[in-house]
Structure formats: C-alpha cells, structure tokens
Amino acid sequence: MGDATWSITELAAEYDVTLRTLRHYEQLGLLSPERVGTSRVYRQRDRIRLELILRGKRLGFSLDQIGVIVNMYDEPPGEAGQLEFLIRQCDVRRGELHRLREDIEATLVEIDRVEARCRADLRTLTDH
C-alpha cells in the first residue's frame, strides 16, 4: 500500500471534491503531490492529509486552522502537539456553535412573536 498512487482525477472522484479544490489545497501547502511531467501523483500521505482537511472543514475549522493541524504531523511538536492544538480548537469551535445555537433559538422566538403579531393583526383586519 505504501507504493500506491492516485491521479488528481481519481482522488477527486473518491473524495467527491473538484480538481480545483485539490489544486487549491496544493497551493496552500496542505497537499504536496509529486509531479511526473505535467501530472500530479498523490501518495498515501496526501490521502491522509486530504481526509484530515475534509474532516476539519466538516467541523467548521478554517483552512488556516486546518493547515496548522495537518502540518503538525510533519514537524515538532508532532502528533502530541497536534492533538493538544486540536483539543483547544475543538473547545473554541464548540463555543462558537453554542453561541450560534443561542442566536438561532433567540431568532426562532422572535419569529414566533412576529408571526403571532401578524396573525392577530390579520384577524383584526378580517373581523371588520
């Protein structure tokens, strides 16, 4: 499995991303495929990094945050540092989501109030 390689088209299809997305991640230094002529050749390391990128995006992390997390695998403080950073980022993201949930709940309450007021006004208009 260590020698397995994938083309950009194969990787894009497997992970349901566009070629442009993969090229963008490469531009940002998140992926580093080898070049064989004009073709990009992706190895297992790139697949693992892509999975981490996509997981980070699903969790709502920015590409900058994802870059820090993904690049920690290759340099000190290594995996332990990566995990500690990720734990801190999870706490930050959790806080953001809780605030967002509170905002959504407050907005729903306000929408209910506005709708009730509109219905009451409509009844008043149609009762005449």
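Our structure is the block above this text.
For the structure given in this document, a descriptive report is provided here. Position numbers for residues count from 1 along each chain, tracking the sequence in the order it is written. With pLDDT at 70 or above as the cut-off, local features in this predicted model cover only qualifying residues; side-chain atom pairs require 80 or more to be listed or tallied, and sums for whole chains, interfaces and linings still use all residues. For the side-chain quantities, the full set of heavy atoms in the structure was used; hydrogens and water were omitted.

### Let's talk about the pattern of salt bridges
- In what follows, salt bridge is the name for a side-chain nitrogen of Lys or Arg lying within 4 Å of a carboxyl oxygen of Asp or Glu. Tallied over the full model, the rule gives 8 salt bridges.
- Measuring nitrogen to oxygen at the nearest pair gives 2.7 Å for the salt bridge that ties E14 to R47. Residue E14 is located in helix α1 (residues 8–15), and its partner R47 is located in helix α3 (residues 44–58); the two are separated by 33 residues in the primary sequence.
- Only protein chains enter the accessibility calculation, which uses a 1.4 Å probe. A residue is then buried if its area is under 20% of the maximum for its type, exposed if over 50%, and partly exposed in between. A relative accessible area of 44% means that E14 is categorised as partly exposed.
- Judged by its relative accessible area of 9%, R47 is buried.
- Of the charged contacts in the structure, one is a salt bridge between E26 and R35, with a shortest N-O distance of 3.4 Å.
- R35 sits in the partly exposed class, given a relative accessible area of 46%.
- One network of salt bridges, in which partners are shared, links E26, R35 and R40. Strands are runs of DSSP state E lasting at least 2 residues, helices are runs of H or I lasting at least 4, and numbering of each runs from the N terminus.

### Focus on the layout of surface pockets
- Detection works on a 1 Å grid of protein atoms alone, calling trapped sets that fit a 1.4 Å probe cavities and calling open sets with protein on both sides within 12 Å along at least five of seven lines pockets, with lining residues defined by an atom within 4 Å of a point. Grid points are joined across faces, edges and corners, and a volume is the space filled by probe spheres set on the points. Put simply, the largest pocket is a space of about 180 Å³.
- In terms of lining, the largest pocket is formed by 13 residues, of which the most central are L52, R55, I69, Q82 and L86.
- Put simply, the parts of the chain that give the lining of the largest pocket at least two residues each are α3, α4 (63–71) and α5 (78–126).
- Looking at the lining of the largest pocket element by element, the count peaks at 4 residues for α5.
- Counted by class, the lining of the largest pocket contains 10 nonpolar, 2 polar and 1 charged residues. In this count, Pro and Cys sit with the nonpolar residues alongside Ala, Val, Leu, Ile, Met, Phe, Trp and Tyr, while Asp, Glu, Lys and Arg are called charged and the others, Gly among them, polar.

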